[in-house]
Amino acid sequence: MTAERALRTAAPHELLDALRRVLVQEYAAQSVELYLADYGLTVLQPVSVLPLTAEPVSVHNSPAGRAFGAQEPFVEDVHGGAVRVHLPVTVRGDRLGVLTVTLPDDEEAQGPVGELADIAEVLGHEVVVAERDTDLYLQARRKDRLTLAAEMQWQLLPGRSCSRPEYELGAQLEPAYAIYGDNFDWSATADRLTLYVTNGMGEGIEASLLTNLAINALRNARRAGIAIDDQAALADQAVYAHYQGRCYLSVLMLDFDLATGRAKLVDAGSPQLLRLRDGVVERVTFEAQLPLGMFEETDYVAQDFQVEPGDRLVFVSDGVYAVASPAGEAYGDVALARAIMSTRLLPAAEVPRAVLRELTGHRGQSVPKDDALVVCLDWHGR
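Residues numbered from 1 in each chain as written. Predicted model: local features only at pLDDT ≥ 70, side-chain atom pairs only at ≥ 80, totals over all residues. Heavy atoms only, no water.

On to a nonpolar patch on the surface. A surface patch of nonpolar side chains, amounting to about 250 Å² of accessible area, comprises Leu-148, Ile-205 and Leu-209. Structurally, Leu-209 is set in helix α8 (residues 204-223). (Patch = residues over 30% accessible without salt bridge, like charges linked within 9 Å, V, L, I, M, F, W, Y side chains within 5 Å. Areas by Shrake-Rupley, 256 points an atom, 1.4 Å probe, with all protein chains shown as cover. Salt bridge = Lys/Arg side-chain N within 4 Å of Asp/Glu carboxyl O. Helix = DSSP H or I, 4+ residues; strand = E, 2+ residues; numbered from the N terminus.)

This brings us to the sheet that holds strand β13 (residues 272-277). Read from one edge of the open sheet, six strands run β7-β8-β17-β16-β13-β14, paired in antiparallel fashion. Here the strands that pair on one side only, and so sit at the sheet edges, are β7 (161-164) and β14 (280-284). The mean angle between the axes of side-by-side strands here comes to 15°, regardless of whether they run parallel or antiparallel. Looking at chain direction, β13 and β14 are connected through five bridges and run antiparallel. (Pairing = 2+ DSSP bridges. Axes fitted to C-alpha atoms, helices over the stretch in contact; angles between N-to-C directions.)

Turning our attention to the packing of helix α7 (residues 148-156) against α8. For the pair α7 and α8, the least separation of the axes is 8 Å and the interaxial angle reads 15°. With respect to α8, the axis of α7 lies roughly parallel. For α7 against α8, the interelement crossing comes out left-handed. On α8, the residues that touch Leu-148, Ala-149, Met-152, Gln-153 and Leu-156 of α7 are Gly-204, Ile-205, Ser-208, Leu-209, Thr-211, Asn-212, Ile-215, Asn-216 and Arg-219. (Parallel < 35°, antiparallel > 145°, perpendicular 65-115°, else oblique. Left-handed = near helix turned anticlockwise from the far one by under 90°. Contact = heavy atoms within 4.5 Å.)

Extensive coverage of strand β1 (residues 31-37) is indicated by the burial of five of its seven residues. In this sheet, strand β2 (residues 43-46) lies alongside β1 in antiparallel orientation, the contact comprising three bridges. Bridge pairing in β2 places Tyr-35 opposite Pro-46. Connecting β1 to the antiparallel partner β2 that follows it, the hairpin turn spans five residues, and Leu-41 within it adopts a positive phi of roughly 55°. (Buried < 20%, exposed > 50% of the residue type's maximum accessible area, 1.4 Å probe, protein only.)

By the definition in use, this model includes 20 salt bridges. With a shortest N-O distance of 3.9 Å, Arg-84 and Glu-76 are connected by a salt bridge. Ionic pairing is found between Asp-378 and Arg-312, a salt bridge with its closest N-O pair at 2.7 Å. Placement of the pair is Asp-378 in strand β17 (residues 372-379) and Arg-312 in strand β16 (residues 312-316), with a sequence separation of 66 residues. Here Asp-378 and Arg-312 have matching classes, each one buried. In this structure, a network of salt bridges that share partners links the residues Glu-4, Arg-8 and Glu-126.

Taken as a whole and assessed by the stated rule, the structure comprises five aromatic pairs. For the pair Tyr-39 and Trp-154, a centre-to-centre distance of 4.9 Å together with 45° between the ring planes defines the contact as tilted. Here the residue Tyr-39 occupies a position in the loop between β1 and β2, and Trp-154 occupies one in helix α7, the gap between them amounting to 115 residues. Just as Tyr-39 is buried, Trp-154 falls in that class too. Clustering of aromatic rings is evident, with ring pairs tying together Tyr-39, Trp-154 and Tyr-177. For the cation-ring pair, Arg-283 lies above Tyr-321, with the distance from its terminal atom to the ring centre recorded as 5.7 Å. (Phe/Tyr/Trp six-rings, centres within 6.5 Å; stacked < 30°, edge-to-face > 60°. Lys NZ or Arg CZ within 6 Å of the ring centre and 35° of its normal.)

A few words on the nonpolar core. Ranked by internal contacts, the top residues of the largest apolar core, which has 36 residues, are Trp-154, Phe-256, Phe-305, Phe-315, Val-375 and Leu-377. Of all elements in the fold, only α7, β8 (167-174), β9 (183-188), β10 (192-199), β11 (250-257), β12 (262-268), β16 and β17 reach the threshold of two or more residues within this core. Not counting the four nearest positions on each side in its chain, Phe-256 is found in contact with Asp-191, Arg-192, Leu-193, Arg-262, Ala-263, Val-307, Leu-313, Leu-377 and Trp-379. Membership of the second largest hydrophobic core comes to 34 residues, among which are Ala-29, Val-47, Leu-103 and Ala-130. (Core = buried A, V, L, I, M, F, W, Y, C linked by side-chain atoms within 4.5 Å.)

Right, let's talk about the side chain of Asp-38 for a bit. Relative to the helices and strands, Asp-38 is located in the loop between β1 and β2. Buried and without a salt bridge, Asp-38 has Lys-143 as its closest oppositely charged side chain, separated by 4.8 Å. Residues within four places of Asp-38 in sequence aside, it is in contact with Val-43, Gln-45, Arg-141, Lys-143, Arg-160 and Tyr-177. (Lys, Arg positive; Asp, Glu negative; His and termini not counted.)

This part is about the sheet that holds strand β5 (residues 83-91). Strand order in the open sheet formed by six strands is β3-β2-β1-β6-β5-β4, and the pairing between neighbours is antiparallel. A single partner strand is all that each edge strand has here, and the edge strands are β3 (57-58) and β4 (74-77). Contacts between helix α3 (residues 63-70) and the sheet are confined to β1, β2, β3, β4, β5 and β6 (94-103), with β6 contributing the most and set at about 135° to the helix. Strand contacts of helix α5 (residues 113-130): β1, β4, β5 and β6, with the helix running at about 40° to β5, the strand carrying the most contacts.

Coordinates in, geometry out; function isn't part of it.
Structure (structure tokens):
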């Protein structure tokens, strides 16, 4: 494929220019634009030479946003007989943005939509690789300046969504441009999925430093092939060695067997789990153990947990379930279950953002007082 070859040989910051030349030559494209979803998942930001020369478009009520949300190409008629094809740019379920290509006329446009969709997928893979060598795409994702703490937290994350035949995952942090210590991490092999949901402690840089230490300690233990309870113990030692109990971290850790849905779980703190099964939302509780780093050489014990095909698991930090309405009702009591039910038809990748929108309405003010983290896992099984 000419476009794939052009993308693979282009300089990291010139991916869009290289693709534009190919699409003009081979498809008579009149314009080619790449939009990336911002950190708050509210707008699609154009990738262009800085300073930005094009306006962002809404994720919620624009043709490009429709392609992004549905994860399907969307063809839009424009003046002069041309059509504009909006194509989702997604890598293994991680929704990056939208490639928009304007073509001469409707009849000729319908043919290459499938080819353009394949090109958009290749572009997504190349953007992920290119981010190691250029800031262009990371800059394009922000509509506001990130705080330093938020910069550190976003760089720590694996992505915002991913999918495999056995499961779909989606996650979102708020406030996106000023997050502190809440975090999530996941990793999969052929047979297992490991998921960490972290409820941070403190504010600003100190909170981010604590979370970075704990997550990297957990990753270090996981990559050494150590069982999940021992991962918790080693991360606990690393945090305690540095902070001597002054700071600690709450984390819910799960290790799923993809073939059976059986999981080992360590509940070391305050993240909460709600399960939607057969139309009923219920909170799932476990034996609570000490947060990481609270005391020296804490022993952790893994518990058993079973998920069934069709289950939806929603994990939330205390910045979600403990938030009170103006009338004093905690969001986690009734409103969270109501939000999970109202979003049951959405794909996992869209659920966290939708729940956080409802949380804003419950809170009665736009600016939260704490980090809010939502992770959604849809289990399909094998």
